[in-house]
Amino acid sequence: MQNDTITYITAKKKLFNINFRELWNYRDLVLLFVKRDLVNSYKQTVLGPIWILINPLLSTTVFTVIFGVIAQISTDGMPQFLFYMSGNILWGFFSSCLNRGSGTFLGNARIFGKVYFPRLIMPIAGMVYNFINFALQTTLYIVLVIVYTLIGTNVHPNAVIAFVPLLILQTALLGTGIGLIVSSITTKYRDLNILVSFGLSLLMYITPVVYPVSKVPDTFRWLMLLNPVAPIVETYRYAFLGCGDFHWVYWIASLVFTALVLLVGLSVFGRVERNFIDTV
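Scope of this entry: the structure provided in the associated data block. Model, not experiment: these values are computed from the prediction. (Residues numbered from 1 in each chain as written. Predicted model: local features only at pLDDT ≥ 70, side-chain atom pairs only at ≥ 80, totals over all residues. Heavy atoms only, no water.)

### Considering a nonpolar patch on the surface
Then comes step 1: Where nonpolar side chains cluster on the molecular surface, the patch consists of I142, V143, I146, V147, L150 and I151 and spans about 560 Å² of accessible area.
Then comes step 2: Summarising the element assignment, V147 is placed in helix α7 (residues 121-150). (Patch = residues over 30% accessible without salt bridge, like charges linked within 9 Å, V, L, I, M, F, W, Y side chains within 5 Å. Areas by Shrake-Rupley, 256 points an atom, 1.4 Å probe, with all protein chains shown as cover. Salt bridge = Lys/Arg side-chain N within 4 Å of Asp/Glu carboxyl O. Helix = DSSP H or I, 4+ residues; strand = E, 2+ residues; numbered from the N terminus.)

In structure tokens form, the structure reads like this:
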């Protein structure tokens with residue numbers, strides 16, 4: 001007796017079509033991509049992964065010389081090296097997550113065309129890779145904060161440190177969320193990458209990375225703090241150094257903005273991934 005099976009294929013109209021169980025089943029693939037990136041990043045280098053720590057030290061030294069010594073920008077009495085390093089490593093984490101997310105489709109077009117796996121695996125792997133780098137840099141930063149505290153400098157770690165894990169998670173999700181939106185748009189308009197690079201450079205200078213919020217005129221301070229990255233950097237710095245203020249209202253607004261960006265990014269990403277291979 002013949003047993004006929006009828007399969008109905010319908011369009012998926014859900015706004016968010018994320019299969020979390022499937023993502024969990026592919027967790028080993030995430031670790032594989034992270035390991036690949038770690039190996040490739042420092043392959044054929046003399047110092048290897050030590051560059052993870054050397055890079056922020058060198059860039060922070062440059063910031064200290066240019067903005068602290070030459071430009072003589074005030075750091076509100078904080079040790080200049082710690083002040084610039086806090087903004088430097090957190091901004092580097094944000095921009096790395098954004099760049100990794102924005103390159104998801106175009107950077108992985110070949111592998112996407114050969115084998116199936118949840119496309120969100122790539123930005124997740126990018127976040128994990130960036131987090132490992134950031135965690136090592138933050139560990140170094142904490143050691144320096146402890147040293148500066150013990151020698152009696154004007155450094156005052158406080159209870160706001162309890163919010164640091166949330167700040168780190170928010171930074172990763174904000175950068176990745178924006179990256180997902182950019183990645184989805186650049187499948188059709190590839191010159192957007194140039195605009196994003198310019199915009200990212202501009203955003204850094206309207207974020208308190210190399211100057212304290214106190215140096216921004218009162219008239220424009222509220223506008224600068226509406227920049228979603230600004231309250232994150234300011235709160236992170238305040239937690240470890242005790243300088244500046246804890247702008248909790250602006251931080252909550254930044255959290256809301258992060259959630260909206262992430263939801264929009266996941267929605268747009270889900271729509272594009274279904275027919276991305278047909279457009280490349």
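### A short note on the side chain of S184
Then comes step 1: Of note, S184 is situated in helix α8 (residues 164-185).
Then comes step 2: We classify S184 as buried; its relative accessible area is 5%.
Then comes step 3: Within the structure, S184 has its side chain in polar contact with the backbone oxygen of L180 (distance 2.8 Å).
Then comes step 4: For S184, the residues in contact, after removing those within four places along its chain, are F105, V268, F269 and V272. (Buried < 20%, exposed > 50% of the residue type's maximum accessible area, 1.4 Å probe, protein only. Polar contact = N/O pair within 3.5 Å; in protein donor to acceptor, adjacent residues only side chain to side chain. Contact = heavy atoms within 4.5 Å.)

### Side note on the pattern of salt bridges
Then comes step 1: Evaluation of the coordinates by the stated rule reveals three salt bridges.
Then comes step 2: Close ionic contact of D37 with R36 constitutes a salt bridge, the shortest N to O distance being 3.1 Å.
Then comes step 3: Residue classification places D37 among the buried positions, given a relative accessible area of 9%.
Then comes step 4: Linked by salt bridges that have partners in common, R36, D37 and R100 make up one network.

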